[in-house]
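Remarks on the overall topology
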Amino acid sequence: MLITVIPSNISALKKIRSILTREEKLKWLIIVAFTVCLSILEVITASVIVLFAQVLILPEKGQYYLSKIGLHDQISQSQSILYIAILCGLTYFIKNFFAAIDAFHLNFSIQEMNYNFKNKMLHRYAQSDYASYISKNSMHGYNVVSGDVELMFNNAMLAIATLLSEGMISSFLIAMVIYMNPPLAIIIFGFGVCVWLSLSKGLLPQFYRWGKRTQESALYSSQNLLQFFHAFKEIALLGKRDSFVDAYKFYSKNQSKLRAVQSTTNALPRMIIEVIFVGLFVFSIVFLCMRNENSNQLIGVLGGYLYAGFRIMPGLNRIINQLNVFKSSIPSIERVYSEYNTVVSKESYLDIKDFSFNESISLNNLFYSYPNTKKNALININLIINKGDCIGIIGETGSGKSTLSDIILGFLKPTDGIILIDKKYPVTSLQWHNIIGYVPQSIYLIDDSIEANIAFGETSEKINSSNLSEAIKASQLSKFIDNLPNGIKTFVGERGVRLSGGERQRIAIARALYRNPEVLIFDEATSALDNETEAKLIETIHNVSKNRTVIMIAHRLTTLKNCDRVIVLKSGIIENELSYKELIHQAVI
Ligand SMILES: Nc1ncnc2c1ncn2[C@@H]1O[C@H](COP(=O)(O)OP(=O)(O)OP(=O)(O)O)[C@@H](O)[C@H]1O
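Residues numbered from 1 in each chain as written. Predicted model: local features only at pLDDT ≥ 70, side-chain atom pairs only at ≥ 80, totals over all residues.

Concerning the nonpolar core
Among the nonpolar cores identified, the biggest contains 64 residues, and Ile-393, Ile-408, Ile-521 and Met-552 are the most heavily contacted of them. Top element by residues in this core is helix H16 (residues 501–514). It accounts for seven residues. Apart from residues lying up to four places away in sequence, Ile-521 is in contact with Ser-405, Ile-408, Leu-409, Ile-436, Tyr-438 and Ile-551. (Core = buried A, V, L, I, M, F, W, Y, C linked by C-beta atoms within 7 Å. Buried ≥ 20, exposed ≤ 12 C-beta atoms within 10 Å, placed from the backbone. Helix = DSSP H or I, 4+ residues; strand = E, 2+ residues; numbered from the N terminus. Contact = placed C-beta atoms within 7 Å.)

The structure is reproduced here in structure tokens:
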């Protein structure tokens, strides 16, 4: 049975195999070994039960079997029944004891593999380059880690283990039935195979399609839900609540309908098998009676059939169910496989032990175009930023300012040209990141305290309190924090909803300063501040900028008043490079 279906799933199995490490494969082999042992025990138990049924009908058979181990002369017929009953109970106990150990081992191992793989996958995302990160919807990665990996281990891998064990047990029981009465068994199983083939050809491919559609609906419904909660204000203001709710309704209804269909269809094979089994049992009695078989032999064969049937029936049901489960998990296996192989194949960031920044950041003949776009976002950039310089970058919207800062940060790799630190170190090194303090255009605040948001990513025990208070002072947050009842421990709400735009930006600046970085990059970091606060902050930035290299991207000219030089970008090209005074003069003219 298994053989007719597994070839179509071989490629999914190969994919799982190719993304598991040696240790994971070994763990999996141990699971398989446990499963095989349990199946052998099941087979032994089944044989003992059939033997017991025969001995109950013909006790002399019991004496015959016991004589094989030299006990015939000393025991009566009733004793032989007793011994075989004890043997039967003992085998059942051992089998179920081992089954309990196997259940523990199987579930713990699968969960451990699941947990390790999720971490491995997240590690890959963490190492992936920024360009591939911005090319995908964040829900995609979220669904792979939290949904697909879960399905691959909890559904698909458990299904394989169950299929192996049930396949072995059912094969043995079928062989036993064949041995007991070959012609009858051949008719019964010939019929069974026909039913099976029609199920596997019709139902299983359908399960794959349902799995794929459920996966898509799950992605769209969670994406929609997240967007709804994140953009609640805009949605409410634009009066688009209903359209978001309707879109969610559509996808979640689809998802629920598919799940309902899958669960119902999962229950169908059991009903079909039960009907077939009872029909075949009646047919067997008719068949054996018509052949005028001896009544004792008839009872013996039917007893064996009944046991085999009652064991095979749920077994077959489990096989079909698990095949359905496996089929519907294939889209998840395919996505995990493709993400695992495409997200990253090597560490994106270099570990340069002797790294130091002493001279300059140099950009030579540098071009950049975003993946899948024809237009260059940066064109032939030639720029040298000396250590200790304060450089301003100004330009109209879309001129390439953020792209340039992402290139300097080492997040985007130039499509042509080169960027080096001290003419030798690449910007894709971990050590370069360690000396940068970056304030992005839009900051992401975690739903935690102000302290946790400033010392971002650091556990409370590891927070450096003097760096923290310096950063708070420098970013003009002291007065604001002192007026809060819980001070620095005040929670900011999801993405900082309990703060004003200016307070959020000052937290972003404090976060950048907390690490006491050698290089500071501000990407329109003061755009949400009022003129007075900005002026104060600019002075503070100027003070903290001493002995630091500063790159300041701004829309407002005044933001750049302390810069040594200002680069004017236009449509990705450096149009001009002048001092702040020259820039003001030009603006006035
Ligand atoms: N992820 C992306 N994929 C494709 N094109 C992009 C992407 N990000 C930016 N661009 C394009 O690259 C160009 C430069 O964008 P960039 O964000 O660097 O401009 P900017 O000067 O920082 O603009 P702003 O002042 O509005 O922030 C723009 O034409 C923009 O549309």
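The structure having been displayed, the exposition proceeds.
Here we look at the sheet that holds strand S5 (residues 425–426)
Taken in spatial order, the four strands make up an open sheet running S2-S1-S4-S5, and their pairing is antiparallel. The sheet is open, and its two borders are formed by strand S2 (378–386) and S5, each paired with just one other strand. Inspection of the sheet shows strand S4 (residues 416–421) paired to S5 by two bridges, in the antiparallel sense. By the bridge assignment, Ile-421 is partnered in S5 with Tyr-425. Its contacts with the sheet place helix H11 (residues 401–408) against strand S1 (360–368), S2 and S4, and it is angled at close to 125° to S1. (Pairing = 2+ DSSP bridges. Axes fitted to C-alpha atoms, helices over the stretch in contact; angles between N-to-C directions.)

Things to note about the confidence of the model for the chain
Summarising the model, the chain shows a mean pLDDT of 81, and 88% of its residues fall at 70 or more. The secondary structure element of the chain with the lowest average pLDDT is helix H8 (residues 232–237), at 66, and the one with the highest is S1, at 93. Here residues 1–5 scores under 50 on pLDDT; set against residues more than four positions off or in separate chains, the count is ten contacts. Predicted complex metrics record ipTM = 0.96 and pTM = 0.68. (pLDDT = per-residue confidence, 0-100.)

A word on the sheet that holds strand S10 (residues 573–578)
Across the sheet, which stays open at both edges, the six strands sit in the order S6-S7-S8-S3-S9-S10 with mixed pairing between neighbours. Each having just a single partner strand, strand S6 (436–439) and S10 make up the two edges of the open sheet. In this sheet, adjacent strand axes meet at a mean angle of 15° when their direction is disregarded. Contacting strand S3 (390–395), strand S7 (519–523), strand S8 (549–554) and strand S9 (565–570), H11 crosses the sheet at an angle of about 155° to S8.

What about the pairing of S10?
Alignment of S9 against S10, held across five bridges, turns out to be antiparallel. Residue pairing in the sheet places Val-568 in a bridge with Asn-576 of S10. The hairpin turn running from S9 into S10, its antiparallel successor, is two residues long, and Ser-571 in that turn takes a positive phi close to 45°.

Looking at the site of the ligand
What surrounds the ligand is the set Ile-134, Tyr-370, Thr-373, Ala-377, Gly-395, Thr-397, Gly-398, Ser-399, Gly-400, Lys-401, Ser-402 and Thr-403. The element that contributes the greatest number of residues to the shell around the ligand is H11, accounting for three residues. Tallied by class, residues from the shell around the ligand come to three nonpolar, eight polar and one charged. (Near = placed C-beta within 6 Å. Nonpolar A, V, L, I, M, F, W, Y, C, P; charged D, E, K, R; others polar.)

Quick notes on the packing of helix H2 (residues 22–57) against helix H6 (residues 138–180)
Orientation of H2 relative to H6, taken along the N-to-C sense of each, is 30°, at an axis distance of 9 Å. One element, H2, and the other, H6, form an angle in the roughly parallel class. In this structure, H2 crosses over H6, and the sense of that crossing is right-handed. Along the contact surface, H2 presents Ile-31, Val-32, Thr-35, Val-36, Leu-38, Ser-39, Glu-42, Val-43, Ala-46 and Val-50, while H6 presents Ala-161, Leu-164, Ser-165, Met-168, Ile-169, Phe-172, Leu-173 and Met-176. (Parallel < 35°, antiparallel > 145°, perpendicular 65-115°, else oblique. Left-handed = near helix turned anticlockwise from the far one by under 90°.)

Brief notes about the pairing of S7
Most of S7 is tucked away: five of the five residues are buried. Side chains Val-519, Ile-521 and Asp-523 project from S7 onto one buried face, and the interleaved Leu-520 and Phe-522 project onto a second face that is buried too. Strand direction decides the pairing type here: S6 and S7, joined by four bridges, are parallel. Each residue of the ladder has a partner; that of Ile-436, found in S7, is Val-519. The sheet contact formed by S7 and S8 spans five bridges and is parallel. Within S8, the residue paired with Asp-523 across the bridge is Ile-553.

Focus on the packing of helix H14 (residues 465–474) against H16
At a closest axis distance of 8 Å, the pairing of H14 and H16 adopts a crossing angle of 140°. Here H16 runs oblique to H14, going by the angle between their axes. The handedness of the crossing between H14 and H16 comes out as right-handed. Contacts from Asn-467, Leu-468, Ala-471, Ile-472 and Ala-474 in H14 reach Ala-510, Leu-513 and Tyr-514 in H16. Here the residues of the contact of H14 with H16 sort into seven nonpolar, one polar and no charged.

Notes on H11
The element H11 is extensively covered by neighbouring structure, given that seven of its eight residues are classed as buried. Lys-401, Thr-403, Leu-404, Ser-405, Asp-406, Ile-407 and Ile-408 are the residues of H11 that are buried. Of the residues flanking the end of H11, it is Gly-410, one or two places downstream, whose phi is positive at about 85°.

Re unusual backbone geometry
For Asn-380, which is not a glycine, the phi torsion comes out positive at approximately 45°. Within the secondary structure layout, Asn-380 lies in strand S2. Residue Asn-380 is classed as partly exposed on the basis of its 15 C-beta neighbours within 10 Å. Despite not being glycine, Gln-476 has its phi angle at roughly 60°, a positive value. Along the polypeptide, Gln-476 turns up in the loop between H14 and helix H15 (478–482).

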